[in-house]
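So the chains spell out like this:
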Amino acid sequence: MKLITFLYNSEEIVGVITPDGQKAVPCSELGVNYPDMETLAAHISDEELCVMKERLSEFTGGISLTEVKILAPVPRPSRDIICLGVNFKDHAEESVGVMGAEYGGERKYPIYFAKHVNEAVPCGDYINGHFDIVTELDYEAEMAFIVRKDAVNVKAENAGEYVFGYTIMNDVSARCIQMRHKQWFRGKSFDGFAPMGPCLVTADEFEFPPKLDISCKVNGELRQKSNTALYIHNIPYAIEELSSGMVIKAGTIISMGTPGGVGMGFKPPKYLKSGDVIECEVQGIGKLVNEVK
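Residues numbered from 1 in each chain as written. Predicted model: local features only at pLDDT ≥ 70, side-chain atom pairs only at ≥ 80, totals over all residues. Heavy atoms only, no water.

S.K.: How do you make sense of helix H5 (residues 235-242) when you look at a structure like this?
M.R.: Within an α-helix, residues lying three or four positions from one another point in the same direction, as the helix has 3.6 residues per turn. Along H5, the residues that are buried comprise Ile235, Pro236, Ala238, Ile239 and Leu242. Looking straight down H5, one finds its buried side chains confined to an arc of 165°; they lie on one side. Sitting at the amino-terminal end of H5 is Asn234, which places a side-chain oxygen 3.0 Å from the backbone nitrogen of Tyr237. (Buried < 20%, exposed > 50% of the residue type's maximum accessible area, 1.4 Å probe, protein only. Helix = DSSP H or I, 4+ residues; strand = E, 2+ residues; numbered from the N terminus. Arc of directions from axis to C-beta. Polar contact = N/O pair within 3.5 Å; in protein donor to acceptor, adjacent residues only side chain to side chain.)

This is the structure:
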C-alpha cells in the first residue's frame, strides 16, 4: 500500500492512495485510526495492515487527489533522521576530489550522520536554497525507510521484521558548510533541506532487502542512476550495527545514501541555483519533485 499524509479541509490526515492512483482514503475509513504516520508505523499490527488492504480492495469512496495537498509522509519527524554517507561505490569515488582520499577505496565501515528536520518538504513545494549563506547547494536522491518497532541487538537475518515501509528523500546539502565544519550535521540540516515523499510504501510490497532503481534528474538532465542492490552496506547490515549498543526507536527514519552523480562530482561542479527542478525517483515508490527557491 501507498500511505500518505494529506491536508484536507485544514486537517492533517493519514491515509492511503487507491490502487488506481486517483484518490486518497483516510485510514480511519479502513478501520485503522492513528493520529499521524510516525505513530501508525510504530504501533500498527500485521492484522490491522491486512484489514486495511482487504477493505481498500473493496472501497469505492475516497477523496480526489486534486482536492487534497499531499504532505511529506512524516511531516515533522520527532527524531533526527539517521543517514548513511558515501554508501555507493561511485559516489565514494566522486567524493575524493572534494572531501579527500579517505572517502575513496574500500569502505569497511559505514559513515553515519544525523540530519535534523524541523519540517520535511513535500513533493511539489520549494526547497529553500539559503543562498544568503550557501554557495554550493547540492542534491542527493536517496531511499529511506521507517523502523516499525524498537530495534535492540537485531541480527541482520531478522532485520526485515523491523522495516515498516520505504519512501524517497532528497538529502539536500550545503557543501560549503559541510566542508567548512569538517562534519555534516549543519550543512545537511538547514530548514527545507529534507524533501520527502510523495508516499510511504509498506515493506510487504518489495522483497527484502529491496533492489530498486534509483535516479535523479535536474532540469530534465539525468544525473544519478543506480539500484539499491548496490549499497556498500545494505539495510540488514545497518540495522544490525546501529541497534548494537543503542536502541533504534520505532518511528525512526533511516536514509540509505545516494549514488554517484551529485553536483560536486562533476568537473566543473554542477551545483543548484534558484529555479532548478530536482526529480528524485525510486522504482515502485514514485517521484519526488521540488524546485529550488
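S.K.: What is the right way to look at the side chain of Thr167 in this model?
M.R.: Mapped onto the secondary structure, Thr167 falls in strand S11 (residues 163-170). When residues no more than four places from it in sequence are discounted, the contact partners of Thr167 are Pro73, Glu142, Met143, Ala144, Met196, Gly197, Cys199, Leu200 and Ile285. (Contact = heavy atoms within 4.5 Å.)

S.K.: For this particular structure, what's the right way to read the pairing of strand S14 (residues 213-218)?
M.R.: The side chains of a regular strand alternate, first on one face of the sheet and then on the other. As paired elements, S14 and strand S15 (residues 221-227) share six bridges and run antiparallel to each other. Paired with Asp213 across the two strands is Asn227, which belongs to S15. Where S14 folds back onto S15 in an antiparallel hairpin, the turn is made up of two residues, including Asn219, whose phi is positive at roughly 55°. Alignment of S14 against strand S17 (residues 277-282), held across five bridges, turns out to be antiparallel. (Pairing = 2+ DSSP bridges.)

S.K.: Help me out: how do you make sense of the side chain of Thr228 in this one?
M.R.: Mapping Thr228 onto the fold places it in the loop between S15 and H5. Those residues within four positions of Thr228 in sequence are excluded, and the remaining contacts are Met143, Pro210, Lys211 and Leu212.

S.K.: I'm lost on the sheet that holds S17 in this one. Help?
M.R.: Whenever strands of a sheet pair, they do so through backbone hydrogen bonds, lying parallel or antiparallel. Pairing in this open sheet of five strands is mixed, and the strands run S8-S18-S17-S14-S15 from one edge to the other. Looking along the sheet, the strands with just one partner apiece sit at the ends: strand S8 (126-127) and S15.

S.K.: It is not clear to me how the environment of Cys83 should be interpreted in this structure. Could you clarify?
M.R.: Here Cys83 lies in strand S6 (residues 81-85). In this structure, the C-alpha to C-alpha distance between Cys83 and Phe266, residues 183 residues apart in sequence, is 23 Å. Residue contacts for Cys83: discarding those within four places in its chain leaves Ile111, Tyr112, Phe113, Lys115, Met169 and Ser255.

S.K.: Got a minute to help me understand the state of the cysteines in this structure?
M.R.: Tallying each qualifying case throughout the model produces zero disulfides. Unpaired in this structure, Cys176 has its nearest cysteine sulfur neighbour in Cys83, at a distance of 18 Å. The thiol of Cys216 is unpaired, and the distance to the nearest cysteine sulfur, on Cys280, comes to 4.1 Å. (Disulfide = S-S within 2.5 Å.)

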